[in-house]
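# Geometric and topological summary
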Amino acid sequence: MPAHRIVSAGRRGARSADLARRTRTSVKATIYGHPVSVDQFVFLRKADLPSTERWQAALDQLGIDLQLDPTVDPSVHSGYWPARLGGQDSGFEYFCGSIPDAFGAPPPDGLNGRDHVVNLVTHSDVHELRCAMYAASALAAACDGLCFDEATGGLTSASAVLQEARSIPEDV
């Protein structure tokens, strides 16, 4: 199941496999004519938030051709984070904060002391969705993080998010 949250027309929490399917199959994804946003949530301990260099090393170790902008400091940054995926410009919106401040819903069970969440947000662009999913999987791998699975409301692994990202066709 997808490890992301789809937000349609400004409403958080839509939980539909059909929405996820449509997001993966349309370059400019829309639901009922409205652009959709997709959230990738990674729960982690604040002390474990990696530097951009360590996050990039995790991407490289996974064999993902994604280069994060090295000038961004994830401990203080908020907003758009430029990147390059497969030689093409890409990126995602990046937000990090305490779970009550940044998740906006009761947290899933099983966080085991993970007190912060990183949210990588994309809007209606499958290339950026793939970029954010790769970044989320590498982040979770780098810091013992857990990814949120919107379909179940529970947690999923970095490897499951990576597998889902790799299943998105590159030519959409």
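Now for a look at the structure at hand. All values derive from a computational prediction rather than experimental measurement. (Residues numbered from 1 in each chain as written. Predicted model: local features only at pLDDT ≥ 70, side-chain atom pairs only at ≥ 80, totals over all residues. Heavy atoms only, no water.)

### Some remarks on the overall build of the chain
A tally of regular secondary structure across the chain gives five helices and ten strands. Sequence-distant contacts, at least 24 apart, represent 66% of the contacts inside the chain between residues at least 6 apart. On the chain, roughly 8,000 Å² of surface is accessible, and the fraction owed to carbon and sulfur atoms is 50%. (Helix = DSSP H or I, 4+ residues; strand = E, 2+ residues; numbered from the N terminus. Contact = heavy atoms within 4.5 Å. Areas by Shrake-Rupley, 256 points an atom, 1.4 Å probe, with all protein chains shown as cover.)

### With respect to the nonpolar core
In this structure, Trp55, Leu66, Phe92 and Leu120 are the most contacted members of the largest nonpolar core, which totals 37 residues. The dominant element in this core, judged by the number of residues it contributes, is helix α4 (residues 126–143), at 13 residues. Apart from the residues within four sequence positions on either side, Trp55 is in contact with Pro50, Leu68, Pro74, Trp81, Tyr94, Leu120, Ala135, Ala138 and Leu139. Grouped together as the second largest cluster of nonpolar side chains are seven residues, Phe41, Phe43, Ile99 and Phe148 included. (Core = buried A, V, L, I, M, F, W, Y, C linked by side-chain atoms within 4.5 Å. Buried < 20%, exposed > 50% of the residue type's maximum accessible area, 1.4 Å probe, protein only.)

### Some details on the pairing of strand β6 (residues 79–85)
Here three bridges tie strand β5 (residues 66–68) to β6, and the two strands are oriented antiparallel to one another. Each residue of the ladder has a partner; that of Leu66, found in β6, is Leu85. Where β6 and strand β7 (residues 88–98) come together, seven bridges link them in antiparallel fashion. Following the sheet pairing, Tyr80 is matched in β7 by Glu93. The antiparallel pairing of β6 with β7 creates a hairpin that spans two residues between the two strands, and Gly86 there sits at a positive phi of about 60°. (Pairing = 2+ DSSP bridges.)

### Section: the packing of helix α2 (residues 52–61) against α4
Here α2 crosses α4 at 110°, and the two axes come no closer than 8 Å. Classified by the angle between their axes, α2 and α4 sit roughly perpendicular to one another. Residues Arg54, Trp55, Ala58 and Leu59 of α2 touch α4, and the partners they reach there are Tyr134, Ala135, Ala138, Leu139, Ala142 and Cys143. Broken down by class, the residue content of the contact of α2 with α4 amounts to nine nonpolar, no polar and one charged. (Axes fitted to C-alpha atoms, helices over the stretch in contact; angles between N-to-C directions. Parallel < 35°, antiparallel > 145°, perpendicular 65-115°, else oblique. Nonpolar A, V, L, I, M, F, W, Y, C, P; charged D, E, K, R; others polar.)

### Remarks on the environment of Gly145
Structurally, Gly145 can be placed in the loop between α4 and β9 (146–149). Placed 13 residues apart in sequence, Gly145 and Ala158 show a C-alpha to C-alpha distance of 7.8 Å. Each residue touching Gly145, except ones within four places of it in the same chain, is listed here: Val42, Phe43, Arg114 and Ala140.

### Thoughts on helix α5 (residues 158–167)
Residues Ala158, Val161, Leu162, Glu164 and Ala165 constitute the buried set of α5. Buried residues of α5 fall within an arc of 160° about the axis and therefore sit on the same side. Structural note: α5 exposes Ser159 and Gln163 on the side pointing more than 90 degrees away from its buried face. (Arc of directions from axis to C-beta.)

### Quick notes on α2
What α2 keeps buried is the set Thr52, Trp55, Gln56, Ala58 and Leu59. The arc that holds every buried residue of α2, seen down its axis, measures 155°, which confines them to one face. Among the exposed residues of α2, those pointing more than 90 degrees away from its buried face are Glu53 and Gln61. Buried residues along α2 sit against β5, β6, β7, β8 (116–123) and α4.

### Examining the packing of α4 against α5
Across the interface, α4 lies against α5 with an axial gap of 8 Å and an inter-helix angle of 160°. Relative to α5, the element α4 lies roughly antiparallel. In this structure, α4 meets α5 at a crossing whose hand is left-handed. Contacts from Arg130, Met133, Tyr134, Ser137, Ala140 and Ala141 of α4 reach α5 at Ala158, Val161, Leu162, Glu164, Ala165 and Arg166. Split by residue class, the contact of α4 with α5 holds eight nonpolar, one polar and three charged. (Left-handed = near helix turned anticlockwise from the far one by under 90°.)

Take it as geometry only, folks, not as evidence of what the structure does.
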